[in-house]
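Overview (structure and organization)
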Amino acid sequence: MGTFIKSLCLTLLFFAYSFGIFCGGIFIEKRIEAVKQAEQAALEEQAKTESIKTPEEYHKYYEVVVSRIKTSEIEGLNKEAFKNYIADYENRYKAMKDIFYPDKKTKNPENSEQETISTVPNSFIKAFDEIEINAYKTLLTSTVPAITEEEINLIFQEF
């Protein structure tokens, strides 16, 4: 009789342990799902509140930033070097465009000459402008020790 009770207790203990693990797993899974949904909702809310600009609008913002950099009086900034770097924008853009989106040659059916077709998605143009703006901000903060956070915010303030 003693071994039967021990066996019964061990069996019940095993089932209770298994049930606890099963319920704990379900609880953890639901908690993970709730956290994922909360993160997704936060990302969606952030996307709604951020200004969503078209590539054309973002390029105008880029031009405003460049204008602000060129016209601002920042102590310790080598203006000529920075202006040269900004002026090289077109060369950097062309090099990146040629790497990722090379021009395609097509035959013109009318006179057997080849036409050059350049197809660059707007998302690439916007991404390139974002990269350039971030590079300018990094260059200013890392090469001009006297620049303040307020000056950076004024230069890169969105309109």
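Residues numbered from 1 in each chain as written. Predicted model: local features only at pLDDT ≥ 70, side-chain atom pairs only at ≥ 80, totals over all residues. Heavy atoms only, no water.

Some words on the overall build of the protein
- Of the regular secondary structure elements, the protein holds six helices and two strands.
- Ordered by position from N to C terminus, the α and β elements of the protein give α-α-α-α-β-β-α-α.
- Counting over 159 residues, the protein shows a buried share of 20%.
- Accessible surface, the protein: about 12100 Å² in total, of which carbon and sulfur atoms supply 60%. (Helix = DSSP H or I, 4+ residues; strand = E, 2+ residues; numbered from the N terminus. Buried < 20%, exposed > 50% of the residue type's maximum accessible area, 1.4 Å probe, protein only. Areas by Shrake-Rupley, 256 points an atom, 1.4 Å probe, with all protein chains shown as cover.)

Let's talk about the nonpolar core
- Within the largest apolar cluster, 22 residues are counted, with the highest numbers of intra-cluster contacts made by Ile69, Tyr136, Leu140 and Phe156.
- For this core, the secondary-structure elements that each account for two or more residues are helix H2 (55-71), helix H3 (79-87), helix H4 (89-100), helix H5 (122-143) and helix H6 (149-155).
- It is H2 that contributes the most residues to this core, six residues altogether.
- Other than its neighbours up to four places away in sequence, isoleucine 69 contacts Lys79, Phe82, Ile86, Tyr136, Leu140, Ile155 and Phe156. (Core = buried A, V, L, I, M, F, W, Y, C linked by side-chain atoms within 4.5 Å. Contact = heavy atoms within 4.5 Å.)

Section: a nonpolar patch on the surface
- Taken together, Met1, Phe4, Ile5, Leu8 and Leu12 make up a surface patch of nonpolar side chains, about 570 Å² in accessible area.
- Here isoleucine 5 is to be found in helix H1 (residues 2-49). (Patch = residues over 30% accessible without salt bridge, like charges linked within 9 Å, V, L, I, M, F, W, Y side chains within 5 Å. Salt bridge = Lys/Arg side-chain N within 4 Å of Asp/Glu carboxyl O.)

Description of the packing of aromatic side chains
- For the coordinates displayed, the defined rule picks out twelve aromatic pairs.
- Note on tyrosine 58 and tyrosine 61: the rings are 5.5 Å apart at their centroids and 65° apart in plane angle, and the pair reads as edge-to-face. With a gap of three residues between them, tyrosine 58 and tyrosine 61 both fall in helix H2, about one helical turn apart.
- Taking the relative accessible area as the measure of exposure, tyrosine 58 reaches 12% and is therefore buried.
- By the ring-pair criterion, three or more aromatic residues cluster together here, those being Tyr62, Phe82, Tyr85, Tyr89, Tyr93, Phe100, Tyr101, Phe124, Phe128 and Tyr136.
- Positioned above the aromatic ring of tyrosine 85, the side-chain terminus of arginine 92 is 4.0 Å from the ring centre.
- The cationic tip of lysine 137 hangs over the ring face of phenylalanine 156; the distance from NZ or CZ to the ring centre is 5.1 Å. (Phe/Tyr/Trp six-rings, centres within 6.5 Å; stacked < 30°, edge-to-face > 60°. Lys NZ or Arg CZ within 6 Å of the ring centre and 35° of its normal.)

Remarks on the packing of H2 against H5
- Two numbers describe how H2 lies on H5: the axes approach to 9 Å, and their chain directions differ by 20°. Of the possible angle classes, the one that applies to H2 and H5 is roughly parallel. Seen along the crossing, H2 lies across H5 with a hand that is left-handed. Along its contact with H2, which presents Pro55, Glu56, Tyr58, His59, Tyr61, Tyr62, Val66 and Ile69, the element H5 presents Asn122, Lys126, Asp129, Glu130, Glu132, Ile133, Tyr136 and Leu140.
- When grouped by side-chain class, the residues that make up the contact of H2 with H5 number nine nonpolar, two polar and five charged. (Axes fitted to C-alpha atoms, helices over the stretch in contact; angles between N-to-C directions. Parallel < 35°, antiparallel > 145°, perpendicular 65-115°, else oblique. Left-handed = near helix turned anticlockwise from the far one by under 90°. Nonpolar A, V, L, I, M, F, W, Y, C, P; charged D, E, K, R; others polar.)

A short note on the side chain of glutamate 132
- When you line up the elements, glutamate 132 lands in helix H5.
- Ignoring anything within four residues of it in the chain, the contact list for glutamate 132 reads Tyr62, Tyr85, Tyr89 and Arg92.

Quick word on H2
- Counted at 1.5 Å a residue, the expected span for H2 with its 17 residues is 24 Å, and the 24 Å between its end C-alpha atoms agrees.
- Those residues of H2 hidden inside the fold are in contact with H3, H4, H5 and H6. (Expected span 1.5 Å × (residues − 1).)

Regarding the pattern of salt bridges
- One pass over the structure, following the stated rule, counts four salt bridges.
- Across the pair arginine 92 and aspartate 88 runs a salt bridge whose closest N-O atoms are separated by 4.0 Å.
- Note on aspartate 88: relative accessible area 31%, which makes it partly exposed.
- Put simply, Asp88, Arg92 and Glu132 are held in one network by salt bridges that share partners.

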